[in-house]
Amino acid sequence: MQGKGLIKVFTIVFAIICLYCLSFTWLARKVENDAEKFSKGDNDKYNGYLDSVASLPVLDFPKYITYQYAKAREIPLGLDLKGGMNVTMEISLVDLVRNLANSPTDPAFNTALNEADKRVKKTGANFIEVFADEYKKLSNDGKLSKFFATTENAAYVKPDANNSTVISFLKERSASAISNSFNILRTRIDKFGVTSPNIQLQEGTNRILIELPGVKDPLRVRKLLQGSAALEFWETYDNSQIFPLLDNVNKILASTEKTNDTTTTAKADTATAGAAGKLAALGSKKDASKDTSAAAKSLAAQAKLNPLFAKLAPNLTQGPNGQQGLGRGPVVGYAAQKDTADINRYFRTPAVKAVVPSNIRLLWGVKPMTPESKMFELYAIRVTKPDGSAALKGSVVIDARDDISPNGDPEVTMYMNAEGAREWRILTAAASADQQNKQSIAIVLDDLVYSAPTVQNEIPNGTSSISGNFQLNDTKDLANVLKAGRLPAKANIVSEYQVGASLGEESIRAGMISSLVGIAVILIFMALYYSQAGWVANVALVINLFFLMGVLASFGAVLTLPGIAGIVLSLGMSVDANVLIYERVREELAEGKGMRIAIATGFQKAMSSILDSNITTFLTGLILFAFGTGPIQGFATTLMIGIITSLFSAIFITRLIFEGMLKKDRQISFSIKATQNLFKDSKFDFISGRRKFYALSTIIIVAGIISMFTRGFSLGVDFKGGRSYFVQFDKAVDKDKLRDILNEEFKETSEVKTYGKDNEVKITTPFMSDSTSEASEALVTQKLNTGLKKVGDKYVIMDAQKVGPTIAKDIKTSAVWAVIFSILGIFLYILARFRRYEFGLAAIVALLHDVLVLLALFSLLNGIVPFALDIDQVFIGAILTVMGYSINDTVVVFDRVREYIEQHHSKDESLPAVINNALNSTLSRTVITGLCTMAVLIIIFIFGGETLRGFSFAMLIGVIFGTYSSLFVATPFVVEFQRKIKEKV
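Not measured: the values here are computed from a predicted model.

A.B. asks: Please explain the sheet that holds strand S16 (residues 463-467) as it appears in this structure.
C.D. replies: Where strands meet in a sheet, backbone hydrogen bonds hold them as pairs that are either parallel or antiparallel. With antiparallel pairing, 3 strands are arranged side by side in an open sheet as S12-S13-S16. Only two strands of the sheet have a single neighbouring strand rather than two, namely strand S12 (397-404) and S16. If you compare each strand with its neighbour and ignore which way they point, the axes differ by 20° on average. Examined bridge by bridge, S12 and strand S13 (residues 410-416) share 7 bridges and lie antiparallel to one another. Each residue of the ladder has a partner; that of Asp399, found in S13, is Tyr415. Against the sheet, helix H16 (residues 418-431) makes contact with S13 and S16, and its axis sits at roughly 115° relative to S13, the strand it touches most. Packing against the sheet, helix H17 (residues 472-483) makes contact with S12, S13 and S16, and its axis sits at approximately 175° to S12.

This is how it looks when you write it as structure tokens:
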């Protein structure tokens, strides 16, 4: 084995890296377990514990690893394992375009907008281009400049501008609005306090995908995400004007604490002190526990005397003589992110609200002072209008650009319309009137201060330069925020998916059971079938699992329930590489070769099949990742990584182990007595009886096609749009009765299925699925609960999903393209590798056969089997994985056929005889790999929970018929195509 030393070094380094990456998950879980023990079920105490230890080292060495550092690098759990909410937001380009044209009343313009909106929902085309096309149809001159050549757009669109210029302008503004909406939503989510949120801008679309793990209040989330962003300019107070008020608030809070100081409070203090001592002692030596406990008691006492200032540090500066004084400007204090909620609560208490004047508002800065500190500034806002509104609305901003000042520093140039310029002149004149005490004006969006520049002089013309301690990205962000004032683009929820925490816990339990049982079955089977060599494969399998999890951790890949299934399935399929090698070694041993030569030759001869089969499966996973979303991407990620790590483990790790055993002259066996001659000298005639199998496949497919046209499919909500709910009652429910009740409530035809146990149902309804308002969501929830209560008072909505019609169409389109690209990619690869188009065509016939059989059985068996057979994204994932498995199987057989044709067999045997021999020689591998994969899928089907039942059933059927097609369809069709070629010749 060449390069053995290099492979050993790489393996050791790779193992250390994987261990390092996985350690963060273990360390984060350890701290969270400590928090659970300390909090005893109190969620506030739990969060308080984690906040307190966030920046403390979790190890004596290295010190830089804190809980916060480890948490950011752990393997994150998907919503189906943790619970939470997945939302797809769509930015309304209709509102944006109408706003840019100052809301004209022209009938052709507004009709074009409405028609364009309808067309885009059907086709998914670019909205701006479709709008321009629709307007051209409706208008005589078709010129768009008459709407968009406004005073506000004068720098970009002239009255004589052609439509191409206007379209370019609209595309640029729509891209800017989408990007700005993304930033606003990200800021809102950051302030929402969700652990490990995920927000992604779907490139090339006006959609934003948001995942919020652990949230339990969907109504609050909807309000947070769909609220319109209001840009405002506010006058401010100086810190010296506000500090006396803060001092008074601090005293009020302290007196309130003192009033409430009873025996119960004293007991609570003891507990607090003990908790603080525990937090301070984290990562410290045991003999320091007394000191830390004493320090914690002292801190707790100080916090009682100064409740506000214990969390909000006043804005103080050091004077020339070393004495502290109040800092200048609108910033009145600084607080850690974890303390901002407590400070907000302090100011909402009745006693404090009574002393804070109505013309004072306190708002937080949008960003921490530094990324590392997580310290936020608190600004004092002056309310000057009787109605409490801002001094100036953001709608007066025409444009804003990030620029470079004459001094070479980043700055923002802001332009206002005539009305805004007049108000801005008055505002800036007042702020700069006192040369010794110039005031600031705060730029506020969503009640968060983005900037508060000090006004140097009166600004008469509405053109302002905003400078400060900016980086280039800061000025770009601020310019986008200022643009948002005039271009508010409403963000609507078009797709929503909720998973309850209890369902997430059930999923984790089901995933763990299916994983452990699946791995155990593979290990036992390999050890029994291949004896000592089987144990070598088992060691490689465990190392493969370790490497797989390490790579997932290093990539920050989200672990989902389908992802766990992907891990288990990749382990089942990883056995295939070992089986290919071992069967080749057994062939060499049967020819009388020595163990060392047989192992070396076996690895060499199996390499081509291993690489070809795994590359085709990897291509399928890649396409699955490109076209899938959410859980399907999680499955594809684990599948692709699993293929790479299993290849490394099977090819290199097993070889290293065998080399070590040979060096020490240890006995190596590749079979036990019962398996030694299994499948040896098998003489099955696959080719002569092929027409019987053609007939069997034809019967299933034709029956399925008839069923597809008569009975149809049970489409999942993500394919047809609508709302879906998974509801668990405390007792068995009559699903027919519940369906009739919900039909009456919704005035729509609803679908109710038993989902697992007889007290669990899945409800699907199209009721108001295309509505995005809060009122409609409240109405749907009310009608659903009214209907559910008529069946049983005690129930839990474990899972809820809403998919709008546009999203559903896009998902179906993506699914079709995914299948097409998979077939095309596999055909091209086989054509390139085998240099014979009949192999490629035969592989495509086998793939189409597998897909059609799977679709046929899902239509025929729907409503007959006692579990859901929905056609949805998960089913498409199963189809693509089946295609990958099937082509894996087919390529291994093709590889042996190619070898037999190129060698002596082709000289004295007919093509059917050569193919029969090739099929028989690979039969043991086909059966063993199929049995291992099927065993794993049966385990996932039984133990994986209802969520994975349809997926595992599809996979199981697919693997059975994938194995069947590689033997009785793909290779026989090579004979058919070869004969047609000869007939033409």
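A.B. asks: Sorry, what's going on with helix H6 (residues 107-123) here?
C.D. replies: Note: α-helices contain 3.6 residues per turn, so residues at a spacing of three or four share the same orientation. Taking 1.5 Å as the rise per residue, H6 with 17 residues should run 24 Å; its terminal C-alpha atoms sit 24 Å apart, in good agreement. Buried-residue contacts for H6 involve helix H5 (93-100), helix H7 (127-138) and helix H8 (145-148).

A.B. asks: Where do I start with the environment of Ile823 in this structure?
C.D. replies: By secondary structure assignment, the location of Ile823 is in helix H27 (residues 805-834). Every residue in contact with Ile823, bar those within four places of it in the chain, is listed here: Ile844, Leu848 and Met883.

A.B. asks: What am I meant to see in the nonpolar core here?
C.D. replies: The nonpolar side chains of a soluble globular protein tend to be buried with one another. Grouped together as the largest cluster of nonpolar side chains are 131 residues, with contacts concentrated most on Tyr582, Phe658 and Phe875. Residues in contact with Phe658, not counting those within four places in the same chain, are Ala533, Val536, Tyr582, Ile599, Phe603, Ile668 and Phe670.

A.B. asks: What is the right way to look at the side chain of Thr475 in this model?
C.D. replies: Inspection of the secondary structure assignment puts Thr475 in helix H17. Judged by relative accessible area, which is 1%, Thr475 ranks as buried. Sequence-distant contacts of Thr475, that is, excluding residues within four places in its chain, are made with Asp402, Pro410, Glu411, Val412 and Phe470.

A.B. asks: Whenever I open this one, the pairing of strand S1 (residues 84-91) confuses me. Can you help?
C.D. replies: Taken residue by residue, a regular strand's side chains alternate between the two faces of the sheet. Counting buried positions along S1 yields 8 of 8 residues, so the element is predominantly enclosed. Side chains of S1 alternate between two faces, with Gly84, Asn86, Thr88 and Glu90 and Met85, Val87, Met89 and Ile91 buried alike. For S1 and strand S3 (residues 207-213), the ladder comprises 7 bridges, and the chain directions are antiparallel. In the strand pairing of S3, Val87 is matched with Ile210. By the bridge criterion, 8 bridges tie S1 to strand S17 (residues 491-499) in an arrangement that is antiparallel. Across the sheet, Ile91 pairs through a bridge with Ala491, a residue of S17.

A.B. asks: When you look at the packing of aromatic side chains in this model, what are you seeing that I'm missing?
C.D. replies: Two descriptors summarise a pair of aromatic rings, namely the distance from one centre to the other and the angle between the planes of the rings. What the rule picks out here adds up to 40 aromatic pairs. Taking the centre distance of 5.5 Å and the plane angle of 85° together, the rings of Tyr135 and Phe147 count as edge-to-face. Linking Tyr135 in helix H7 with Phe147 in helix H8, this pair joins segments that are 12 residues apart in sequence. By the burial criterion, Tyr135 is buried, and Phe147 matches it. Centre to centre, the rings of Tyr582 and Phe658 are 6.0 Å apart; their planes meet at 65°, and the pair counts as edge-to-face. One end of the pair, Tyr582, is in helix H19 (residues 561-590); the other, Phe658, is in helix H21 (residues 631-663), and 76 residues separate them in sequence. Neither Tyr582 nor Phe658 differs from the other in exposure class; each is buried. Above the ring of Tyr69, the side-chain terminus of Arg73 is found at 3.5 Å from the ring centroid. Over the ring of Tyr156 we find Arg173, and its NZ or CZ is 4.6 Å from the ring centre.

A.B. asks: Please clarify how the packing of helix H28 (residues 837-861) against helix H29 (residues 873-902) should be interpreted in this entry.
C.D. replies: The description of two helices packed together rests on the angle between their axes and the distance between the axes. Two numbers describe how H28 lies on H29: the axes approach to 10 Å, and their chain directions differ by 145°. Two packed elements cross with a definite hand, and for H28 against H29 that hand is right-handed. When H28 is examined against H29, the residues Phe839, Ala842, Ala843, Leu847, Asp850, Val851, Leu854, Leu855 and Phe858 are found in contact with a partner set consisting of Phe875, Ile879, Val882, Met883, Ser886, Ile887, Phe894, Val897 and Ile901. Of the residues in the contact of H28 with H29, the class split is 16 nonpolar, 1 polar and 1 charged.

A.B. asks: What should I look at first to understand the sheet that holds strand S19 (residues 722-729) in this one?
C.D. replies: Strand order in the open sheet formed by 8 strands is S2-S3-S1-S17-S22-S19-S21-S20, with antiparallel pairing between adjacent strands. In this open sheet, the two strands that pair with only one neighbour each are strand S2 (198-201) and strand S20 (751-754). The average undirected angle you get between the axes of adjacent strands in this sheet is 20°. Set on the sheet, helix H25 (residues 735-746) makes contact with S19, S20 and strand S21 (760-765); between it and S20 the angle comes to about 155°.

A.B. asks: I tried to follow the environment of Ala177 on my own but got confused; where do I start?
C.D. replies: Here Ala177 shows up in helix H9 (residues 163-192). Here Ala177 falls in the buried class, since its relative accessible area comes to 7%. Remark: the alpha-carbon pair of Ala177 and Ile91, spanning 86 residues in sequence, is separated by 8.3 Å.

A.B. asks: Mind showing me how you'd approach helix H20 (residues 595-627) here?
C.D. replies: A rise of 1.5 Å per residue sets the reference length of H20, with its 33 residues, at 48 Å; its end C-alpha atoms lie 47 Å apart and thus fit the reference within 8%. The largest bend in H20 amounts to roughly 40° and is located at Ala606.

A.B. asks: What am I meant to see in a positive patch on the surface here?
C.D. replies: Judged by side-chain charge, Lys4, Lys8, Arg596, Lys663, Lys664 and Arg666 come together as a positively charged surface patch. Following the sequence through the fold, Arg596 ends up in helix H20.

A.B. asks: Would you explain the confidence of the model for the protein chain in this entry?
C.D. replies: Interpretation of the predicted coordinates at a detailed level should be avoided for regions scoring low in pLDDT. Mean pLDDT over the protein chain: 83, with 90% of residues reaching 70 or higher. In the model, residues 262-293 has pLDDT below 50 throughout and makes 25 contacts with residues more than four positions away in sequence or in other chains.

A.B. asks: Mind showing me how you'd approach the packing of H5 against H6 here?
C.D. replies: Where H5 contacts H6, the axes come no closer than 10 Å and their chain directions differ by 160°. When the axis of H5 is compared with that of H6, the two are roughly antiparallel. The handedness of the crossing between H5 and H6 comes out as right-handed. Where H5 abuts H6, its residues Val94, Val97 and Arg98 lie against Phe109, Asn110, Leu113, Asn114 and Asp117. When its residues are assigned to classes, the contact of H5 with H6 shows 4 nonpolar, 2 polar and 2 charged.

What counts, and where the lines are drawn
Residues numbered from 1 in each chain as written. Predicted model: local features only at pLDDT ≥ 70, side-chain atom pairs only at ≥ 80, totals over all residues. Heavy atoms only, no water. Pairing = 2+ DSSP bridges. Helix = DSSP H or I, 4+ residues; strand = E, 2+ residues; numbered from the N terminus. Axes fitted to C-alpha atoms, helices over the stretch in contact; angles between N-to-C directions. Contact = heavy atoms within 4.5 Å. Expected span 1.5 Å × (residues − 1). Core = buried A, V, L, I, M, F, W, Y, C linked by side-chain atoms within 4.5 Å. Buried < 20%, exposed > 50% of the residue type's maximum accessible area, 1.4 Å probe, protein only. Phe/Tyr/Trp six-rings, centres within 6.5 Å; stacked < 30°, edge-to-face > 60°. Lys NZ or Arg CZ within 6 Å of the ring centre and 35° of its normal. Left-handed = near helix turned anticlockwise from the far one by under 90°. Nonpolar A, V, L, I, M, F, W, Y, C, P; charged D, E, K, R; others polar. Bend = angle between axes of the 7 residues up to and from the residue. Patch = residues over 30% accessible without salt bridge, like charges linked within 9 Å, V, L, I, M, F, W, Y side chains within 5 Å. Areas by Shrake-Rupley, 256 points an atom, 1.4 Å probe, with all protein chains shown as cover. Salt bridge = Lys/Arg side-chain N within 4 Å of Asp/Glu carboxyl O. Lys, Arg positive; Asp, Glu negative; His and termini not counted. Charge placed at Lys NZ, Arg CZ, Asp CG, Glu CD. pLDDT = per-residue confidence, 0-100. Parallel < 35°, antiparallel > 145°, perpendicular 65-115°, else oblique.

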